[in-house]
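Chain by chain, the residues:
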Amino acid sequence: MEIKTKPVWYRKVAVPVKPSNKSLGLEDITVHPANENQKKYGIVCNCVLKLVSGDIRVTIGQSKKNPGTIYLAAPGQEKVGNIFYQNVRLKTELQAQVLKYIESLMK
């Protein structure tokens, strides 16, 4: 996937591009490649976020509506019409840091 430099929300958030951030409770990000079946659907990788409160697994996918950008899908995400609802809600800053870090690995 070619990373585009289009302005998107997560690139505008002031967070470091690294796998940890104590102020957000993020201890580490472990990245696992997507399997062949996931790749067919635009999934880039799976991540385990090691948080101070426990671990959570998220999926990173390539955006179809905004090529060259990625998105984060938290567990239990449901689509109703054109709206996505998340049962697990992560802070915007935490989502942005994960996405920026994954983009840095893809360059």
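Structure's up top.
In this convention, every chain numbers its residues from 1, walking through the sequence in written order. In keeping with the predicted nature of the model, local features appear solely for residues at pLDDT of at least 70, side-chain atom pairs appear and are counted solely at 80 or more, and the whole-chain, interface and lining totals rest on all residues. Excluded from the side-chain calculations are hydrogens and water; all other atoms, namely the structure's heavy atoms, are used.

Sorry, what's going on with the nonpolar core here?
The nonpolar side chains of a soluble globular protein tend to be buried, and buried together. The criterion is simple. A nonpolar core is a set of buried Ala, Val, Leu, Ile, Met, Phe, Trp, Tyr and Cys residues joined through side-chain atoms within 4.5 Å. Exposed residues in this analysis have more than 50% of their type's maximum accessible area, buried residues have under 20%, and partly exposed residues fall in between, with area computed by a 1.4 Å probe over protein chains only. Counting 23 residues, the largest nonpolar core has Cys47, Leu49, Ile60, Val98 and Ile102 as its most contacted members. It is helix H3 (residues 92-106) that contributes the most residues to this core, 6 residues altogether. If near-sequence neighbours (up to four positions away) are discounted, Ile60 is found in contact with Ile43, Val44, Cys45, Cys47, Ile70, Tyr71, Leu72, Val98, Leu99 and Ile102. Secondary structure elements are taken from DSSP: a helix is a run of H or I of four residues or more, a strand is a run of E of two residues or more, and numbering for both begins at the N terminus. What makes two residues a contact is simply this: any of their non-hydrogen atoms within 4.5 Å.

Explain the pattern of salt bridges here, please?
Once their charged atoms are close, side chains differing in charge can pair, the charge on each being opposite to the other. Throughout this description, the term salt bridge denotes a Lys or Arg side-chain nitrogen within 4 Å of a carboxyl oxygen of Asp or Glu. Within the structure shown, the criterion is met by 2 salt bridges. For Glu103, the salt bridge goes to Arg11, with nearest N and O atoms at 2.6 Å. Taken together, the residues Glu103 in helix H3 and Arg11 in helix H1 (residues 9-12) connect sequence positions 92 residues apart. Its relative accessible area of 22% is what places Arg11 among the partly exposed residues. Notably, a salt bridge pairs Glu36 with Lys39, separated by 3.5 Å at the nearest N-O pair. Of this pair, Glu36 and Lys39 both sit in helix H2 (residues 36-40), 3 residues apart, which is roughly one turn of that helix. Judged by its relative accessible area of 55%, Glu36 falls in the exposed class.

Before we go on, may I ask you to explain the sheet that holds strand S1 (residues 26-33) in this structure?
In a beta sheet, neighbouring strands pair by backbone hydrogen bonds and run either parallel or antiparallel. Strand pairing is assigned whenever DSSP detects at least two bridges linking the two strands. Within the open sheet, the 4 strands sit side by side as S1-S2-S3-S4. Their pairing is antiparallel. In this open sheet, the two strands that pair with only one neighbour each are S1 and strand S4 (70-73). Pairwise comparison of adjacent strand axes, ignoring direction, gives a mean angle of 30 degrees for this sheet. Across 8 bridges, strand S2 (residues 43-51) lies against strand S3 (residues 54-62) in antiparallel orientation. Looking at the pairing, Lys50 lines up with Asp55 of S3. The angle between two axes is taken between their N-to-C directions and runs from 0 to 180 degrees, where each axis is a line fitted to C-alpha atoms and a helix contributes only its stretch in contact. Lying over the sheet, H3 contacts S1, S2, S3 and S4, oriented at roughly 130 degrees with respect to S4.

Bear in mind that shape data such as this cannot, by itself, settle questions of function.
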